[in-house]
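This is what each chain is made of:
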Amino acid sequence: MRATSMRKGALRQGVACRSQQGRGERGGSVPRRAQAEAPSSATKEEGEGKFDARAFRRSLNKTGRYVRKPTHDKESKNLMEEHGVGYSSTGVIAQMRDNGFRCEVGDVTIRLAESYGFCWGVERAVQMAYEARRAYPGRQLHITNEIIHNPSVNKRLQEMNVKFIEDRGEENGGKDFSEVNEGDVAILPAFGASVQEMKILNDKKVQIVDTTCPYVSKVWNSVETHTRRSHTSIIHGKYAHEETIATASFAGTYVIVKNLPEAQYVADYILHGGDREDFLDKFKNAISEGFDPDTMLSSLGIANQTTMLKGETMEIGKLFEKTMLTKYGPAELGNHFVLMDTICDATQTRQDAMYNLVGAQGTPEGVDLILVVGGYNSSNTCHLQEIAEEYKIPSFWLDTADRIGPGNQTEWMNAHLEMQKSVDWLPEGKLTIGVTSGASTPDKVVEDILSKVFAIKGC
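## What to know about the overall build of the protein chain
So, point 1. When helices and strands are tallied, the protein chain shows 16 helices and 17 strands.
So, point 2. At a minimum sequence separation of 6, the contacts of the protein chain that also span at least 24 residues come to 73%.
So, point 3. In the form shown here, the protein chain has an accessible surface area of approximately 19,400 Å², with 47% of it arising from carbon and sulfur atoms.

This is the structure we're talking about:
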């Protein structure tokens with residue numbers, strides 16, 4: 001196998017798993033787009049400390065124009081299956097589920113991770129989007145972002161005349177809601193929308209279909225609790241990720257830390273002080289407006305982007321608990337620190353299954369290479385690729401089957417979000433391939449990739 005880097009042509013649709021945030025981009029002191037989209041009335045109310053995000057979110061239920069639960073419409077489910085945007089019921093993935101998560105086709109043995117692909121929250125969101133198309137015939141549907149981080153699913157919605165609201169970038173005013181009119185239908189994606197976006201849509205008197213995953217809503221409840229207690233939220237996440245943007249919009253004061261080193265920097269500042277201007281520069285894209293590290297780090301609450309690595313989130317929580325215990329003592333810890341469980345089970349189980357897959361190396365259950373399938377802007381899929389690379393197993397992150405060919409070559413992404421090209425990537429002879437997929441990946445995408453693999457191997 002020969003691999004060449006295509007870094008200059010990389011599809012940088014997300015934030016690299018291991019990249020450093022906060023120093024490379026210019027901008028305001030809040031996550032990108034989160035503030036730029038706010039209407040003037042909401043911005044003024046927030047500036048005066050009067051706007052209650054929690055109360056506003058709850059008030060949507062009383063408008064008669066807000067839906068947040070699926071109807072379980074059978075025709076919509078049938079169309080999802082026809083479009084290949086759900087669970088496989090007859091394909092090779094379905095067969096592996098019923099046969100110990102493995103199959104043999106010719107010289108190829110496939111070992112499927114025991115937890116993979118579409119999670120409950122993602123399936124629920126796609127189902128609600130399909131139901132909305134059937135429930136509101138003749139009305140224009142909009143969506144504030146990708147419904148999930150998968151190109152195949154989003155393409156299907158576009159084909160169903162669901163318009164994606166254009167994001168012009170913060171420097172150009174953020175998202176363009178000008179084409180959304182009274183009586184239209186607006187879908188909020190699985191990872192949520194900022195409270196400012198919700199207010200814009202509510203002011204326009206549109207029908208809102210809120211597909212936000214309940215696990216994400218659980219995180220929002222957590223940061224709202226922090227706000228009521230006058231605690232600063234430490235959010236473990238990527239400041240440019242749509243979910244974290246939404247979560248930050250429900251927080252009062254906050255700092256977003258991407259990894260343990262950034263968390264350690266904040267912890268050291270709490271215990272020993274530091275250069276205030278360096279702190280503000282380091283986190284300039286990842287702190288609430290007007291944030292002052294000298295006065296706003298005395299009481300903390302922990303929250304996380306649901307797709308982050310479970311182990312790192314837990315380490316960050318323990319770090320800040322120890323930090324506040326050291327600074328204030330055990331008697332006062334409860335007044336200065338709160339930790340609520342906001343880790344997503346789906347993310348956790350897929351990561352655990354991946355560790356089980358790579359942990360079999362050196363045994364008869366080991367694999368020769370791994371296929372990681374999922375969108376290139378999918379954070380949880382990126383972490384699955386990261387695990388494979390950590391164990392130094394040849395691993396190819398593919399978003400669609402179109403990345404394979406012609407012949408025995410493929411384009412793929414690594415965990416640094418660098419596009420690679422490999423020739424003769426599938427060796428001759430017997431081959432054992434480990435397979436996993438991100439929480440936003442339909443089984444059909446994996447099956448299409450495996451079909452090409454089997455064809456190359458002459459199966």
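There is more to say, and it comes next.
## Structural notes on the packing of aromatic side chains
So, point 1. Counted under the stated rule, the structure contains eleven aromatic pairs.
So, point 2. Here a set of aromatic residues connected by ring pairs shows up, and it is made of Tyr265, Tyr269, Phe279, Phe283 and Phe291.
So, point 3. We note Arg57 situated over the ring of Phe250; from NZ or CZ to the ring centre the distance is 5.1 Å.

## A few points about the nonpolar core
So, point 1. Of all hydrophobic cores here, the largest spans 55 residues; its most connected members are Ile234, Val255, Val266, Phe279, Leu297 and Phe320.
So, point 2. Here the element with the most residues in this core is helix H10 (residues 260-272); it accounts for five residues.
So, point 3. Discounting residues that sit within four places of it in the chain, Phe320 has contacts with Ile234, Ala263, Val266, Ala267, Ile270, Leu300, Ile302 and Phe337.

## Considering the pattern of salt bridges
So, point 1. For the coordinates displayed, the defined rule picks out 18 salt bridges.
So, point 2. A salt bridge links Arg276 to Glu277, with the nearest nitrogen and oxygen atoms 3.2 Å apart.
So, point 3. Residue Arg276 is classed as partly exposed on the basis of its relative accessible area, which comes to 30%.
So, point 4. Here Arg403 makes a salt bridge to Asp399, at a shortest N to O gap of 2.8 Å.
So, point 5. For Asp399, a relative accessible area of 8% corresponds to the buried category.

## Quick word on the sheet that holds strand S6 (residues 162-164)
So, point 1. One open sheet accounts for five strands, arranged S2-S8-S7-S5-S6; its pairing is parallel. Each of the sheet's edge strands pairs with one partner strand only, and the pair in question is strand S2 (66-67) and S6.
So, point 2. Where strand S7 (residues 185-188) lies against strand S8 (residues 207-210), four bridges are found, and the strand directions are parallel. Residue Ile187 lies in a different strand from S8, and its bridge partner there is Val209.

## Regarding the environment of Gln409
So, point 1. Topologically, Gln409 is positioned in strand S15 (residues 409-413).
So, point 2. Separated by twelve residues in sequence, Gln409 and Lys421 place their C-alpha atoms 7.4 Å apart.
So, point 3. Ignoring any residue separated from it by four or fewer positions in sequence, one finds Gln409 in contact with Arg403, Ile404, Lys421, Ser422, Val423 and Trp425.
So, point 4. In terms of polar contacts, Gln409 uses its side chain to reach the backbone carbonyl oxygen of Pro406, at 3.0 Å.

## With respect to the packing of helix H8 (residues 214-228) against helix H9 (residues 242-249)
So, point 1. Remark: H8 packs on H9, axes separated minimally by 9 Å, with the N-to-C direction vectors making an angle of 35°. For the crossing formed where H8 meets H9, the hand is right-handed. Judged by residue contacts, Val216, Val219, Trp220 and Val223 of H8 engage Glu243, Ala246 and Thr247 from H9.
So, point 2. Considered class by class, the residues forming the contact of H8 with H9 number five nonpolar, one polar and one charged.

## As for the sheet that holds strand S12 (residues 337-339)
So, point 1. A sheet is described by the order of its strands in space; here four strands give the open sequence S10-S9-S11-S12, paired in parallel fashion. Edge positions in the open sheet fall to strand S10 (254-257) and S12, since each of these has one partner strand only. Strand-to-strand twist across the sheet, computed as the mean angle between neighbouring axes with direction ignored, equals 25°.
So, point 2. Of the strand pairs in this sheet, strand S9 (residues 232-236) and strand S11 (residues 300-304) are connected by five bridges, and their pairing is parallel. Its bridge partner lying in S11, Ile235 is registered against Ala303.
So, point 3. Along the sheet face, H8 touches S9, S11 and S12 and points at about 170° away from the line of S11.
So, point 4. On the sheet, H10 packs against S9, S10 and S11 and is oriented at approximately 140° with respect to S10.

## Overview of H10
So, point 1. The end-to-end C-alpha distance of H10, which contains 13 residues, comes to 18 Å, matching closely the 18 Å that a straight helix rising 1.5 Å per residue would cover.
So, point 2. Of the surrounding secondary structure, the elements contacted by the buried residues of H10 are S9, S10, helix H11 (276-282), S11 and helix H12 (310-328).
So, point 3. Capping the start of H10, Asn259 holds a side-chain oxygen 3.1 Å from the backbone nitrogen of Glu262, two or three residues further along.
So, point 4. At the C-terminal side of H10, Gly273 shows a positive phi close to 75°.

## Considering the packing of helix H14 (residues 345-358) against helix H15 (residues 379-390)
So, point 1. At a minimum axis distance of 10 Å, the contact between H14 and H15 shows a crossing angle of 25°. By the angle between their directions, the pair H14 and H15 is classed as roughly parallel. For the element pair H14 and H15, the recorded crossing hand is right-handed. For the pair H14 and H15, the contacting residues are Arg350, Gln351, Met354, Tyr355 and Val358 in the first and His383, Leu384, Ile387, Ala388 and Glu390 in the second.

## Some remarks on the pairing of strand S4 (residues 108-112)
So, point 1. Most of S4 is tucked away: five of the five residues are buried.
So, point 2. With four bridges connecting them, strand S3 (residues 102-105) and S4 associate as antiparallel partners. Note that in S4 the partner of Arg102 across the bridge is Arg111.
So, point 3. The antiparallel hairpin formed by S3 and S4 contains two residues in its connecting segment, where Gly106 sits at a positive phi of about 60°.
So, point 4. Pairing geometry for S4 and strand S17 (residues 431-437), over five bridges, is parallel. Residue Leu112 lies in a different strand from S17, and its bridge partner there is Val435.

## Some points on the side chain of Glu224
So, point 1. Along the chain, the position of Glu224 falls in helix H8.
So, point 2. Dropping the residues within four chain positions of it, Glu224 is found in contact with Ala53, Arg54, Arg57 and Phe250.

## Looking at empty space enclosed by the protein
It is a probe the size of a water molecule, rolled over the atoms, that shows where empty space is left.
So, point 1. A full pass over the atoms with the stated rule returns one cavity of 30 Å³ or more.
So, point 2. There is about 80 Å³ of room inside the largest cavity.
So, point 3. It is H9 that provides the largest number of residues to the lining of the largest cavity, a total of three residues.
So, point 4. Class assignment of the residues belonging to the lining of the largest cavity gives a composition of four nonpolar, four polar and four charged.

Thresholds applied
Residues numbered from 1 in each chain as written. Predicted model: local features only at pLDDT ≥ 70, side-chain atom pairs only at ≥ 80, totals over all residues. Heavy atoms only, no water. Helix = DSSP H or I, 4+ residues; strand = E, 2+ residues; numbered from the N terminus. Contact = heavy atoms within 4.5 Å. Areas by Shrake-Rupley, 256 points an atom, 1.4 Å probe, with all protein chains shown as cover. Phe/Tyr/Trp six-rings, centres within 6.5 Å; stacked < 30°, edge-to-face > 60°. Lys NZ or Arg CZ within 6 Å of the ring centre and 35° of its normal. Core = buried A, V, L, I, M, F, W, Y, C linked by side-chain atoms within 4.5 Å. Buried < 20%, exposed > 50% of the residue type's maximum accessible area, 1.4 Å probe, protein only. Salt bridge = Lys/Arg side-chain N within 4 Å of Asp/Glu carboxyl O. Pairing = 2+ DSSP bridges. Polar contact = N/O pair within 3.5 Å; in protein donor to acceptor, adjacent residues only side chain to side chain. Axes fitted to C-alpha atoms, helices over the stretch in contact; angles between N-to-C directions. Left-handed = near helix turned anticlockwise from the far one by under 90°. Nonpolar A, V, L, I, M, F, W, Y, C, P; charged D, E, K, R; others polar. Expected span 1.5 Å × (residues − 1). Parallel < 35°, antiparallel > 145°, perpendicular 65-115°, else oblique. 1 Å grid on protein atoms, 1.4 Å probe; cavity = no way out; pocket = protein on both sides within 12 Å on 5 of 7 lines; lining within 4 Å. Points joined across faces, edges and corners; volume = space filled by probe spheres on them.

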